[in-house]
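So you can see what is in the structure, the chains are spelled out below.
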Amino acid sequence: MKIVLLEPLGVPKETLDRLSRPFTEKGHVFEAFDSFTTDEEELKKRSAGADVLMIANHPLPGSVIEADPALKFISVAFVGIDHVDTGACRAKGVKISNTGGYCNDAVAELAVGLTLDCLRNISAGNAAVQAGRGKSGLQGHELAGRTVGIIGTGAIGLRTAEIFRAFGCRLIGYSRTEREAAKALGLRYRTLDEVMAEADIVSVHTPLTGETRGLIGRKQIEEMKQGAILINTARGPVVDTEALAEALRAGKISAGTDVFEKDPPLPAGHPLLGAPNLICTPHVGFDTKESIERRAVMAFENVTAWMDGNPVRIML
């Protein structure tokens, strides 16, 4: 079989060589590209004749999938697969596995970190010191004792809840599926409207689907308490950007976000550029040395398991 890694996985060449060696030792062909591209013609050239494609988080259009008659399996080194044309895969019978779980700790820790920054003015304090100023106007708030609303209690949401609980927070949540593990943490499930109205901090952890796009809209943001905090480390389109920007400028809430409609750099005039009461990071929630190594291992495990007839982490 021919296995093609279409883009870098962020690990050293030595790691790729180690992970791919079992394939080449069995006579399979492994080819890895050290740059990413969104050019469809270039992607078609790279994937030509591949039985297996491996990608990270860059788009894989239907035209590329359709152009490769040999394609049978895609290993996505990412949690979401919304950047893959699943319709084209379904039509060809191509299976997809992801690497769900590789960044649970990384994303959860960033969600809590953004919360602490909002509460304790860490970034603002740094800016003040660097500008030769003192602490005037930077009195913060404690996290202990706050009510945290977890939107989406999957693996990352649960890990985030565990960390907030360790800080002494009360947990409530909203999710399509209620999980016993969440209840064991003391999390009490509520309706979405109840979570938005009751929580001091709302942390979003849902995948992006047709149902969750715009889930946190103008109505939900208006329901939030004065001075509450909205954290989004999930997907940008889950939150209504315009409504969020308006609430920030009105001084109703603070927010921390790692995700946008498209990854930064943001275009000039984006509603969140220059918005007050906001801490932004450029989609780095998943990106730690440990998590990137972990996802590479999992991506190769997916291919091995599929070849052995025992596929794991199947998403399609």
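Residues numbered from 1 in each chain as written. Predicted model: local features only at pLDDT ≥ 70, side-chain atom pairs only at ≥ 80, totals over all residues. Heavy atoms only, no water.

Draft legend 1. Examining the overall build of the protein chain more closely. A tally of regular secondary structure across the protein chain gives 12 helices and 12 strands. In summary, the protein chain has a C-alpha radius of gyration of 21 Å against a globular reference of 20 Å for 316 residues, a match within 12%. Structurally, the protein chain occupies a C-alpha span of about 65 × 45 × 30 Å along its principal axes. By sequence separation, contacts in the protein chain at least 24 residues apart represent 62% of the contacts at least 6 residues apart. With the model as given, the accessible surface of the protein chain reaches about 14,800 Å², and the carbon-plus-sulfur share is 51%. In the protein chain, which carries 36 positive and 40 negative side-chain charges, the distance between the mean positions of the two groups comes to 3 Å. (Helix = DSSP H or I, 4+ residues; strand = E, 2+ residues; numbered from the N terminus. Rg over C-alpha atoms; globule rule 2.2 N^0.38 Å. Contact = heavy atoms within 4.5 Å. Areas by Shrake-Rupley, 256 points an atom, 1.4 Å probe, with all protein chains shown as cover. Lys, Arg positive; Asp, Glu negative; His and termini not counted. Charge placed at Lys NZ, Arg CZ, Asp CG, Glu CD.)

Draft legend 2. Representation of the packing of aromatic side chains within the structure. A complete count under the given rule lists 4 aromatic pairs for this structure. An angle of 10 degrees between the planes, with centres 5.1 Å apart, marks the rings of Phe73 and Trp306 as stacked. Placement of the pair is Phe73 in strand S4 (residues 73-76) and Trp306 in helix H12 (residues 289-307), with a sequence separation of 233 residues. In this structure Trp306 comes out as buried when scored by relative accessible area, which is 16%. Ring centres of Phe78 and Phe286 lie 5.5 Å apart, and the angle between their planes is 80 degrees; on these two criteria the pair is classed as edge-to-face. One end of the pair, Phe78, is in the loop between S4 and helix H4 (86-92); the other, Phe286, is in the loop between strand S12 (278-280) and H12, and 208 residues separate them in sequence. When its relative accessible area of 12% is taken as the criterion, Phe286 is described as buried. One aromatic cluster is present, formed by Phe23, Phe30 and Phe300 through successive ring pairs. (Phe/Tyr/Trp six-rings, centres within 6.5 Å; stacked < 30°, edge-to-face > 60°. Buried < 20%, exposed > 50% of the residue type's maximum accessible area, 1.4 Å probe, protein only.)

Draft legend 3. View of the sheet that holds strand S2 (residues 29-32). Across the sheet, 5 strands lie side by side as S2-S1-S3-S4-S5; this open sheet has parallel pairing. What marks the edges here is a single partner per strand, and that holds for S2 and strand S5 (95-97). Along the sheet, successive strands turn relative to each other by an average axial angle of 15 degrees, direction set aside. Looking at chain direction, S4 and S5 are connected through 3 bridges and run parallel. If you follow Ile74 over to S5, its bridge partner there is Ile96. The strands touched by H12 are strand S1 (2-5), S2, strand S3 (52-55), S4 and S5; relative to S4, the strand with the most contacts, the crossing angle is about 155 degrees. (Pairing = 2+ DSSP bridges. Axes fitted to C-alpha atoms, helices over the stretch in contact; angles between N-to-C directions.)

Draft legend 4. Seen up close, the side chain of Thr257. Considering the arrangement of structural elements, one finds Thr257 in strand S11 (residues 254-257). Classification of Thr257 as buried rests on a relative accessible area of 4%. For Thr257, the residues in contact, after removing those within four places along its chain, are Leu114, Asn232, Leu272, Leu278, Ile279, Cys280 and Thr281.

Draft legend 5. Spatial organisation of the pattern of salt bridges. Scanning the entire structure with this criterion turns up 18 salt bridges. Between Asp82 and Arg235 there is a salt bridge; the shortest N-O distance is 3.8 Å. Of this pair, Asp82 sits in the loop between S4 and H4 while Arg235 sits in the loop between strand S10 (229-232) and helix H11 (241-249); the two residues are 153 residues apart in sequence, bridging distant segments of the chain. Here Glu223 ties to Lys219 by a salt bridge, and the two come within 2.8 Å at their closest N and O atoms. Placement of the pair is Glu223 and Lys219 together in helix H10 (residues 218-223), with a separation of 4 residues, close to one helical turn. Glu223 gets classed as partly exposed once you look at its relative accessible area, which sits at 23%. What emerges from the salt-bridge pattern is a single network uniting Asp105, Arg159 and Glu162. (Salt bridge = Lys/Arg side-chain N within 4 Å of Asp/Glu carboxyl O.)

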